[in-house]
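Listed here are the chains, written in short residue letters.
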Amino acid sequence: MAVSTIPKTRFRFIKKYGMAYLFIAVPILSMIVFLFIPMVISFIWSLNDFSGLTAAKFVGLQNYIRLFTADPIFIKSLVNTTLFVLMGMGIGPTLGMLTALMLNQNVKFRAIFRTAYYLPVMTSMVVVSTIWIMLYNQNGLINSVLNVFGLGNVGWLSDPRISLVSVAIAAIWQGFGFETVVFLAAMQSIPHELYEAATMDGAGNFQKFWYITLPLLKPVILFVYIIGIIGSYQVFDEVFVMTAGGPVYSTTSIVLYLYNKFMDLRLGYASAIAYILFAILVVFSFIQWRFFGERT
Amino acid sequence: MQKRQSKRFPLGRLLLYLALIVSSILMIVPFYWSVGTSFKLERFVFTNPPQWWPNPLTLQSYINILTRIHFLNFFLNSVFVSTAVTLGHVFFDTLAAYAFAKLVFPGRDKIFFIMLLALMVPFQVNLIPMYRIMVILHWTDSFLALIVPSLTSVFGIFLMRQFMMSIPSELLDAARIDGCNEFGVFWRVMFPLCLPGIATLVIFTFMGVWNDFLWPRIVINSEKLFTLPLGLAQLQMKNTSNQSQIMAGTVLTALPMILVFLFMQRRFIEGMTAGAMKG
């Protein structure tokens, strides 16, 4: 008797829940094949000397140790990327906040100004790169304008002392409109009554910003910084197209270095770089996840 | 905070508009300069003083990249790949989101939790093994490599689930009583109700795929399969001497997205801010 009840309950289970599992089947399968399996393989490779052509040789943590102790270019790429993140996060969200504050002043033609700030966000990083390569040209527009003030001939992308700054400027130009739009939307969702009450209490404009706008915008500001940090640490397209990491590794980023090692068929070594990047980003993802997880 | 006093001081108002206009011009000049350069003869590209209006104005660069470099082909490839991926997201993400939002089944919350954890993994971690998987499947240098691994995303499922949570379950129960099966409930009732959310999903996905560079760069080798960013990057690298052609390519790559944006501006902005607002 017992034999016949098992298929029956199983049948009932499938009938009851089968649809639901079917609905999530493709994403789950995709996640296993294209995310979990590669993730594990990548970790295993990071512990191996592996070229993809010959058999992998287990080397333990040697790839990681070498990256931190015997690879000055990797250290340089870590420093470059961190500087890039600091420049971007130091300026981008601040510009976004300033422009959002301006647009929030009941201005005419707001949509036009907003479009101007937002347009670069729509364009691909490759497009932004080709545009700025032209602007940064030795005889390009920026130097021509500077020439008027007797300041021309800056090697924006050829001088290793400023090339990283140049790339960061292009990236900030591309991205801060996103922050403008996000901050503006958040500001407009703040109830007017709060400002009116503050006005009656004699608060000035700065006080209103400091004690009402800023605290209420805190979650959005945090979101923008976390997303920005995570995205900027993965910088690749702009350095690949604009400078290919040069001159003299002055713009080599973590992901570009990973890409180069991948192309050199040092798959184990490149995987170790990927996991170091992962470790850096997990910290920020975790903050975001903790913070936004409890809200939803 | 001068600007905030603007209602009382016309001077503040003046400064506010001045700041808005100057900053907007700074944002637009690079675009203007690109378009202008694309219509210039090569020898007038880097003149001193700079030529603010192309003289003579020529279409030669556009003709060159459309006939010699097949930019139209890159464009069609981009349209095809972006559309295929977006359709995949619209179907699979909303279907899975429906299960997570409105159905009850053992392990649901655990599976969803694991998916959220998966959001933390940056793509670069999987990049190299993914390439090997593509080699094993013989998908390298084909659109399959660009489309199949990207057909769903945790982010899309998360976004749609958030949207569906706000739709009352009573509407679904009514359909169930009328004899709809679960897929029917999803397709006939939930899907149409989700269209505003789906618009957001479409925008996010399409734009992401359209602008994607690293993964296509790794898996695609043949020029006939290039998407626009790949074609443009190659033009930049091979053709450094011909700035006007590079700019024609730049304009053609950026223009479709910009046009779509200008026509659907409100949706775009709502879409881009949705993630931030809802968290």
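Keep in mind it's a predicted model, so treat the numbers as computed, not measured.

1. Comments concerning the overall build of chain A
Then step 1. Helix and strand content of chain A: 13 helices and two strands.
Then step 2. In terms of C-alpha radius of gyration, chain A reaches 26 Å, well past the compact-globule figure of 19 Å for 296 residues.
Then step 3. Residues counted as buried form 41% of the 296 residues belonging to chain A.
Then step 4. Considering only intrachain contacts with a sequence separation of at least 6, the fraction spanning at least 24 residues in chain A is 70%.

2. Here's the deal with the overall build of chain B
Then step 1. In terms of regular secondary structure, chain B is built from 14 helices and zero strands.
Then step 2. Along chain B, helices and strands appear, N-terminal first, in the series α-α-α-α-α-α-α-α-α-α-α-α-α-α.
Then step 3. Relative to a compact globule of 279 residues, whose C-alpha radius of gyration would be 19 Å, chain B shows 24 Å and is clearly more extended.
Then step 4. Taking the principal axes of its C-alpha atoms as reference, chain B extends roughly 75 × 65 × 35 Å.
Then step 5. Considering chain B as a whole, with its 279 residues, one finds that 41% of them fall into the buried category.
Then step 6. Across chain B, the fraction of contacts at a sequence separation of at least 24, relative to all contacts at a separation of at least 6, is 73%.

3. Section: the packing of helix H2 (residues 60-67) of chain B against helix H13 (residues 243-263) of chain B
Residues and elements named next belong to chain B.
Then step 1. In contact at an axis separation of 8 Å, H2 and H13 are set at 70° when each is read in the N-to-C sense. Between H2 and H13, the interaxial angle falls into the category roughly perpendicular. Counting all contacts with H2, which are made through Ser 61, Tyr 62, Asn 64 and Ile 65, the residues of H13 involved are Ser 244, Gln 245, Ala 248 and Gly 249.
Then step 2. When its residues are assigned to classes, the contact of H2 with H13 shows three nonpolar, five polar and no charged.

4. Some remarks on the interface of chain B and chain A
Then step 1. In this assembly, 72 residues from chain B lie in contact with 76 residues from chain A.
Then step 2. If you list the elements that add at least two residues to the side of chain B that touches chain A, you get helix H1 (10-38), helix H3 (71-102), helix H4 (108-118), helix H5 (123-136), helix H9 (182-193), helix H12 (228-238), H13 and helix H14 (265-278) of chain B.
Then step 3. Its residues assigned to classes, the side of chain B that touches chain A comprises 51 nonpolar, 18 polar and three charged.

5. A look at the domain arrangement of chain A
All names here are of chain A.
Then step 1. Domains assigned within chain A are domain 1 (2-46) and domain 2 (71-293).
Then step 2. In this structure, domain 1 and domain 2 have C-alpha centres spaced 40 Å apart.
Then step 3. Looking at the side of domain 1 that touches domain 2, its residues break down into two nonpolar, two polar and no charged.

6. Describing the environment of Leu 29 of chain A
Residues and elements named next belong to chain A.
Then step 1. Note on placement: Leu 29 falls in helix H2 (residues 25-46).
Then step 2. Given 11 C-beta atoms within 10 Å, Leu 29 falls into the exposed group.
Then step 3. Through-space distance from the C-alpha of Leu 29 to that of Trp 156 is 47 Å; in sequence the pair is 127 residues apart.

7. Re the packing of helix H6 (residues 125-136) of chain A against H13 of chain B
Then step 1. Orientation of H6 of chain A relative to H13 of chain B, taken along the N-to-C sense of each, is 150°, at an axis distance of 10 Å. Taken together, the axis directions place H6 of chain A and H13 of chain B in an arrangement best described as roughly antiparallel. As H6 of chain A packs across H13 of chain B, the resulting crossing turns out to be left-handed. Residues Val 127, Thr 130, Ile 131 and Met 134 of chain A of H6 of chain A form the contact with H13 of chain B, whose own contacting residues are Gln 243, Ile 246, Met 247, Thr 250, Thr 253 and Ala 254 of chain B.
Then step 2. The class makeup of the residues in the contact of H6 of chain A with H13 of chain B is six nonpolar, four polar and no charged.

8. Some details on the environment of Gly 177 of chain A
Then step 1. With respect to the helices and strands, the residue Gly 177 of chain A is situated in helix H8 (residues 163-188).
Then step 2. The sequence separation of Gly 177 of chain A and Thr 115 of chain A amounts to 62 residues, and the corresponding C-alpha distance is 8.6 Å.

9. Side note on the nonpolar core
Buried together is how nonpolar side chains tend to be arranged in soluble globular proteins.
Then step 1. In terms of nonpolar packing, the biggest core is built from 142 residues, with Leu 258 and Ile 273 of chain A together with Ala 96 and Tyr 98 of chain B touching the most fellow members.
Then step 2. If we skip the residues at most four places from it in the chain, Ile 273 of chain A touches Leu 67, Phe 74, Ile 254, Tyr 257, Leu 258 and Lys 261 of chain A.

10. Here we look at H8 of chain A
All names here are of chain A.
Then step 1. Counted at 1.5 Å a residue, the expected span for H8 with its 26 residues is 38 Å, and the 38 Å between its end C-alpha atoms agrees.
Then step 2. Of all the bends in H8, the greatest, near 35°, is centred on Gly 175.
Then step 3. Across the 26 residues that make up H8, a large majority, 21, are buried.

11. Looking at the confidence of the model for chain B
Then step 1. Summing up the model confidence of chain B, the mean pLDDT is 86 and the portion of residues at 70 or higher is 92%.
Then step 2. Scored as a whole, the predicted complex attains pTM 0.88, and scored at its interfaces, ipTM 0.86.

12. Things to note about unusual backbone geometry
Then step 1. In the segment running from Gly 246 of chain A into Pro 247 of chain A, the intervening peptide bond is cis, with an omega of -15°.
Then step 2. Its place among the elements puts Pro 247 of chain A in the loop between helix H11 (237-242) and helix H12 (254-263).
Then step 3. A cis amide bond links Asn 55 of chain B to the next residue, Pro 56 of chain B, at an omega of 0°.
Then step 4. Among the structural elements, Pro 56 of chain B can be located in the loop between H1 and H2.
Then step 5. Look at Phe 109 of chain A: it is not a glycine, yet its phi comes out positive at around 55°.
Then step 6. Its location among the elements puts Phe 109 of chain A in the loop between helix H4 (72-103) and helix H5 (110-122).
Then step 7. A positive phi angle, near 60°, is found at Tyr 249 of chain A, a position not held by glycine.
Then step 8. Looking at the secondary structure, you find Tyr 249 of chain A in the loop between H11 and H12.

What counts and what doesn't
- Residues numbered from 1 in each chain as written.
- Chains lettered and ligands numbered in written order.
- Predicted model: local features only at pLDDT ≥ 70, side-chain atom pairs only at ≥ 80, totals over all residues.
- Helix = DSSP H or I, 4+ residues; strand = E, 2+ residues; numbered from the N terminus.
- Rg over C-alpha atoms; globule rule 2.2 N^0.38 Å.
- Buried ≥ 20, exposed ≤ 12 C-beta atoms within 10 Å, placed from the backbone.
- Contact = placed C-beta atoms within 7 Å.
- Axes fitted to C-alpha atoms, helices over the stretch in contact; angles between N-to-C directions.
- Parallel < 35°, antiparallel > 145°, perpendicular 65-115°, else oblique.
- Nonpolar A, V, L, I, M, F, W, Y, C, P; charged D, E, K, R; others polar.
- Domains from an automatic or database assignment.
- Left-handed = near helix turned anticlockwise from the far one by under 90°.
- Core = buried A, V, L, I, M, F, W, Y, C linked by C-beta atoms within 7 Å.
- Expected span 1.5 Å × (residues − 1).
- Bend = angle between axes of the 7 residues up to and from the residue.
- pLDDT = per-residue confidence, 0-100.

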